[in-house]
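Each chain is listed here by its residues.
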Amino acid sequence: MTEVISNSDKIIQKLQEEGKIESLDKKEDLDAIIEMNEEMEIVSREYQVKDRNSQISASKVILTD
Amino acid sequence: MDKVYRDSYYSYFSSKNRQYKRDSIRISIFKDVVSANDFRDNTKREELLKKYMGFIVLRPTEPNLIGRSTISPKILKTKHFEICTTNIRTTVNSIKLYIDGFPHSSQDAETISCAETTIWSLMEYFSNRYAEYKSELPSEIIQTLKRVSTERQIPSKGLDIQQISYALRAFGLGTKIYSKTEYGVMFENLLSCYIESGIPLVIAMQNNTIGHALLCIGHELPTSDQIDVLTNKNFTNPRLQGKYNSRNITVYDFNDLKEKYVFIDDNHPVYQTNFLESPSANYLPNYPGWANCKITYFIAPLYTKVYLEAFTAQNYIYQFLLTPRININDNSEILVKIFLTSNRSFKDWLATNNSFNHDVRDLILETAMPKFIWVAELSTKDLMKNRKANGIILLDATEANTMNNKPLIMASHKGNYISFAPNSTELQKFALPLGTFSVYQNNLKSFI
């Protein structure tokens, strides 16, 4: 018989009993996620361009000294 | 016999008409007097190991005589820095010894130029440090690059940056190339972020006539004065800058510290220090042709499954800091230190870090994590001067998809602990104070 020892379970159970756990599903939380998704999509596109251009120009630089 | 020179000898020097000697000389360095008898006395083994400071190979390739070498930073007069190091094993007078340092060699200018030397040095480091990689000799580097070379490779005329990246990828690393032209003011910050992560970087340094490869392996130990003069972070993303401005939040980025970095340069003795803006400053007294050299590219040799690279990880963190539950007050200041580390090293450090809130510590330690994680420590200038922080964000480095907070493992700051609910895509918040804790310092090694 194996016994799982988990301090996390005890901590979470205690927090639950004390009413200290909250789901982040309120409108302001969901709005923040949507806004971040939009921003990160722009970042992702920006990164793809920088990454591709870095690779292309790197082939023209010879290091020999 | 030296394995690197012997490889160059059989693959190149032995095919010449002029006779080259196949043997080389290895000079072993001890920090105190040792006698020949010490090497035949079992009780002296520990003492020899303590006194051993490394070795230098002299090869018969005039005028570039310095071959494979590893020297401990302990014997330097100035060693106010922290760097990547590995244990190199060797024998001296039949006794096995090892040294903690970074592998170095000068180029012989025929089989290995600066580019091949840099690849060799980097693979020597990774192979001695991690079981996943193996040491690569000059002929193996040349053989690997055969399929992407349109001309003969020996005598070496150097490599382009893409070829260096190709070779490192073939040797098992997940390389990424960063160009100064593309990343602009973010370039030095990204370089610093990877160095803070304990990842040695291949650096390309150029002026109008020079094109040189070298390694960056660490930086000076940050001082309180350097932290004091850190200036507000200017985000290249105007929308992000606008959001921080509108809430009057001043951000300092630890990776913007103006400090000297430590380089492994095959034209100079090991552990050279220079500012990123003037990487050739140590050349100038004797070689004026190296004036105005700038760092134009760097290659980050990442573990293959680090899919979330530094630019995206940093942007994610700075966007996430503005979300309501992370509790950054309007009209406040925050200092952020971002780095990559292994889950094993991070948890090993955390497990016995008693400055951490014990409940938060247990929650993090029992969270399943990938092999590598991004860490953002949230602090203030005053706290950071004492190597303390009061907030932390952990990201999954294997998650390059940043939609719906997918990379987030946990975040904790000012009484809120945020993580995903078990087996759910929904975030939850615990009211759990973190307090202040001692910052993570396991990525680089200091010799003071």
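Remember, predicted model here, so these are calculated numbers, not experimental data.

This part takes up the side chain of Asp108(B). Residue and element names in this part refer to chain B. By the secondary structure assignment, Asp108 is in the loop between β6 (95-101) and α3 (114-129). Buried Asp108, no salt bridge; nearest opposite-charge side chain is Arg59, N-O distance 4.9 Å. Polar side-chain contacts of Asp108 include one of 2.5 Å to the side chain of Thr111. There is a polar contact of 3.0 Å between the side chain of Asp108 and the backbone nitrogen of Ile112.

Applying the stated criterion across every chain yields a total of 33 salt bridges over all chains. Between Arg6(B) and Asp23(B) there is a salt bridge, with the nearest N and O atoms lying 2.7 Å from each other. One end of the pair, Arg6(B), is in helix α1 (residues 3-11); the other, Asp23(B), is in the loop between α1 and β1 (25-30), and 17 residues separate them in sequence. What makes Arg6(B) buried here is its relative accessible area of 14%. Judged by relative accessible area, Asp23(B) falls into the partly exposed class, the value being 46%. Three or more residues joined by partner-sharing salt bridges are found here, namely Glu22(A), Asp25(A), Lys26(A), Glu28(A), Asp29(A), Arg325(B) and Lys429(B).

According to the stated counting rule, one finds 34 aromatic pairs over all chains in the structure shown. Centroid distance Phe102(B) to Tyr125(B): 4.9 Å. Interplanar angle 15°. Geometry classified as stacked. Taken as a pair, Phe102(B) in the loop between β6 and α3 and Tyr125(B) in helix α3 lie far apart in primary sequence, 23 residues in all. Under the relative-accessibility criterion, Phe102(B) is labelled buried at 0%. According to the relative accessible area criterion, Tyr125(B) is buried, its value standing at 0%. Geometrically, the ring pair formed by Tyr283(B) and Tyr287(B) is edge-to-face, given 6.4 Å between the ring centres and 65° between the ring planes. Note on Tyr283(B): relative accessible area 2%, which makes it buried. Here the aromatic cluster, defined as three or more aromatic residues joined through ring pairs, consists of Tyr47(A), Tyr178(B), Tyr183(B), Phe187(B), Tyr194(B), Phe298(B), Phe311(B) and Trp374(B). Positioned over the ring face of Phe55(B) is Arg26(B), at 5.8 Å from the centre of the ring. Here the guanidinium or amino end of Lys381(B) rests over the ring plane of Tyr252(B), the centre of that ring lying 4.2 Å away.

The next subject is the pairing of strand β19 (residues 408-413) of chain B. Residue and element names in this part refer to chain B. Here β19 lies mainly inside the structure; 6 of its 6 residues are buried. For β19 and strand β20 (residues 416-420), the ladder comprises 4 bridges, and the chain directions are antiparallel. Its bridge partner being in β20, His413 is matched across the sheet by Asn416. Here β19 folds back onto β20 in antiparallel fashion, the turn holding 2 residues, of which Lys414 has a positive phi close to 45°.

In a beta sheet, neighbouring strands are held together by backbone hydrogen bonds and run either parallel or antiparallel to one another. Ordered by their spatial adjacency, 8 strands build an open sheet running β1(A)-β21(B)-β20(B)-β19(B)-β18(B)-β16(B)-β15(B)-β11(B), and the pairing between neighbours is mixed. The two strands at the open ends of the sheet, each matched to only one other strand, are β1 (21-23) of chain A together with β11 (250-253) of chain B. Averaged over all pairs of adjacent strands, the angle between strand axes in this sheet comes to 20°, irrespective of strand direction. Where β20(B) meets strand β21 (residues 427-431) of chain B, 5 bridges bridge the pair, whose relative direction is antiparallel. Among the inter-strand pairings, Ser419(B) is bridged to a residue of β21(B), identified as Gln428(B). Of the strands in this sheet, β15 (333-342), β16 (372-379) and β18 (391-396) of chain B are in contact with helix α11 (residues 343-351) of chain B, which crosses β15(B) at around 120°.

Time to look at the environment of Leu230(B). All names here are of chain B. Mapped onto the secondary structure, Leu230 falls in the loop between α8 (224-228) and α9 (238-246). You can call Leu230 buried: its relative accessible area is 6%. Spatially, the C-alpha atoms of Leu230 and Tyr316 are 22 Å apart, while their sequence positions differ by 86 residues. Setting aside chain neighbours within four positions, we find Leu230 in contact with Tyr252, Asp253, Phe254, Asp256, Leu257, Leu335 and Lys381.

What counts and how
- Residues numbered from 1 in each chain as written.
- Chains lettered and ligands numbered in written order.
- Predicted model: local features only at pLDDT ≥ 70, side-chain atom pairs only at ≥ 80, totals over all residues.
- Heavy atoms only, no water.
- Helix = DSSP H or I, 4+ residues; strand = E, 2+ residues; numbered from the N terminus.
- Buried < 20%, exposed > 50% of the residue type's maximum accessible area, 1.4 Å probe, protein only.
- Lys, Arg positive; Asp, Glu negative; His and termini not counted.
- Salt bridge = Lys/Arg side-chain N within 4 Å of Asp/Glu carboxyl O.
- Polar contact = N/O pair within 3.5 Å; in protein donor to acceptor, adjacent residues only side chain to side chain.
- Phe/Tyr/Trp six-rings, centres within 6.5 Å; stacked < 30°, edge-to-face > 60°.
- Lys NZ or Arg CZ within 6 Å of the ring centre and 35° of its normal.
- Pairing = 2+ DSSP bridges.
- Axes fitted to C-alpha atoms, helices over the stretch in contact; angles between N-to-C directions.
- Contact = heavy atoms within 4.5 Å.

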